Amino acid sequence: VDAYYGPPQWQAEAKTEALTPAQIVERAAVLRAELGAGGATEDALAALRRQYLATQLGALAAYANRLQNPGPRDFDREAKALYDTTPPLQEHAEFDEILARLEQLLPGAGPLHQRVTEFTSAYEIPEDKLPAVFRAAIEACRERTREHIALQPDEDFVLEYVEDKPWSGYNWYQGNAKSLIQINTDLPIRIDRAIDLGCHEGYPGHHTYNALLEAEFVDKRDWVEFSVYPLFSPQSLIAEGSANYGIELAFPGEEKTAFEKSVLYPLAGLDPDTADRYTEFQRIGERLAFARNQTARLYINGEIDREQAVALLQKYGPSSLERAEQSLRFIDNYGAYVINYNWGKRLVQEYVERGTTSPQERWEKFADLLASPRLPSS
């Protein structure tokens, strides 16, 4: 359960009852049967609601079934069962051309991942500067989001720095338009991650998404099923995909780099004159995102072992050994969930930009998507 803000007694009852995975599978099947197929008089929103709940229950049952049958896994079957989508299949060789472009940008001796680590070390935020940099980044994300999306007047978040996590950032939604945002400091945090995490975890990402769902469905319509967010479900593809697309929506074109150069680089004590080259590196490297999916696919399917997976994550990161091991730790914990960040972003972007011609139209369609019971398959 990623977030829960429904009746407290339900949470207490669930802990006391302590259902087994087998019982969860059985009860989910019963409830899906009770939902039925709807009727001819059912309106479009009611049909979306019923389909949403049925699909969420299907994902819950699939995950519970995997817990009680921990045998061989299939990455694509898992993606379809849990996230209501089939991600594209891409071989690692398809990404070699991108590595070649990074070779040209960062020439020199030694493996590319070493040169990347050396180059990016100049863009790490000093630990004592993290609070100021992240506060400024998140406030900018919030300000830009508020220009287009009506947020609750009392919405807010608490920001914490943590260690020993498999992720770089996390939003723990608390209900009542409040969030706990945690930033993992196990590894040095680079300057580009301030805006990325500020938008992704906050505005217009996870905090905004959950607050809109709560306001629209739980508070306004009393659709209590939206007060529980099961992590391994289609909801996560919409959540992660929209959070990543939200970065570009809030800071389109050159606006992210311009804000970083004028505000964040000085706060971090970094040289803004070098920002353009770092941005070029980032834009080339973004195209490697889907390589991680393929590594996860091979690893989960048992076609490669841990050592081979780390080597591929290092090569196609390109990243240090420490970052590759953290990435594999995430795959160990979350499996096919990795598709939600890149494939989810592409699906959301295609949906939002189809038929829209202006930034304002994109914001409006994006906000409608966040406050809707829409599934990846729809």
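Right above here is the structure, for reference.
Values in this document were obtained by computation on a predicted structure and should not be read as measured data.

Asker: Let's hear about the sheet that holds strand 4 (residues 178-184): which residues, and what values?
Answerer: Taken together, the three strands give an open sheet; going across it, the order is 2-4-3, and neighbouring strands pair in mixed fashion. Two strands in the sheet have a free side with no partner beyond their single neighbour: strand 2 (156-162) and strand 3 (169-175). Averaged over all neighbouring strand pairs, the angle between strand axes comes to 20°, with direction disregarded. Pairing of strand 2 with strand 4, which is carried by seven bridges, proceeds in the parallel orientation. Following the sheet pairing, Val 158 is matched in strand 4 by Leu 180. Relative to the sheet, helix 7 (residues 130-146) contacts strand 2 and strand 4, its axis offset from that of strand 2 by approximately 150°. Packing of helix 9 (residues 206-219) onto the sheet brings it into contact with strand 2, strand 3 and strand 4, and relative to strand 3 it is tilted by some 20°.

Asker: Describe the side chain of Glu 155, with residues and values.
Answerer: By secondary structure assignment, the location of Glu 155 is in the loop between helix 7 and strand 2. Within the structure, the side chain of Glu 155 is placed 2.9 Å from the side chain of Arg 146, a separation counted as a polar contact. Of the polar contacts made by the side chain of Glu 155, one reaches the side chain of His 207; its length is 2.8 Å. In contact with Glu 155, other than residues within four places in its own chain, are Arg 142, Arg 146, Ala 177, Tyr 203 and His 207.

Asker: Before we move on, can you summarise the side chain of Asn 184 with the specific residues and values?
Answerer: Relative to the assigned elements, Asn 184 resides in strand 4. A polar side-chain atom of Asn 184 sits 2.9 Å from the main-chain carbonyl oxygen of Lys 165. Leave out the neighbours within four places in its chain, and Asn 184 touches Val 162, Glu 163, Asp 164, Lys 165, Trp 167, Ser 168, Ile 189 and Gln 326.

Conventions adopted
- Residues numbered from 1 in each chain as written.
- Predicted model: local features only at pLDDT ≥ 70, side-chain atom pairs only at ≥ 80, totals over all residues.
- Heavy atoms only, no water.
- Pairing = 2+ DSSP bridges.
- Helix = DSSP H or I, 4+ residues; strand = E, 2+ residues; numbered from the N terminus.
- Axes fitted to C-alpha atoms, helices over the stretch in contact; angles between N-to-C directions.
- Contact = heavy atoms within 4.5 Å.
- Polar contact = N/O pair within 3.5 Å; in protein donor to acceptor, adjacent residues only side chain to side chain.

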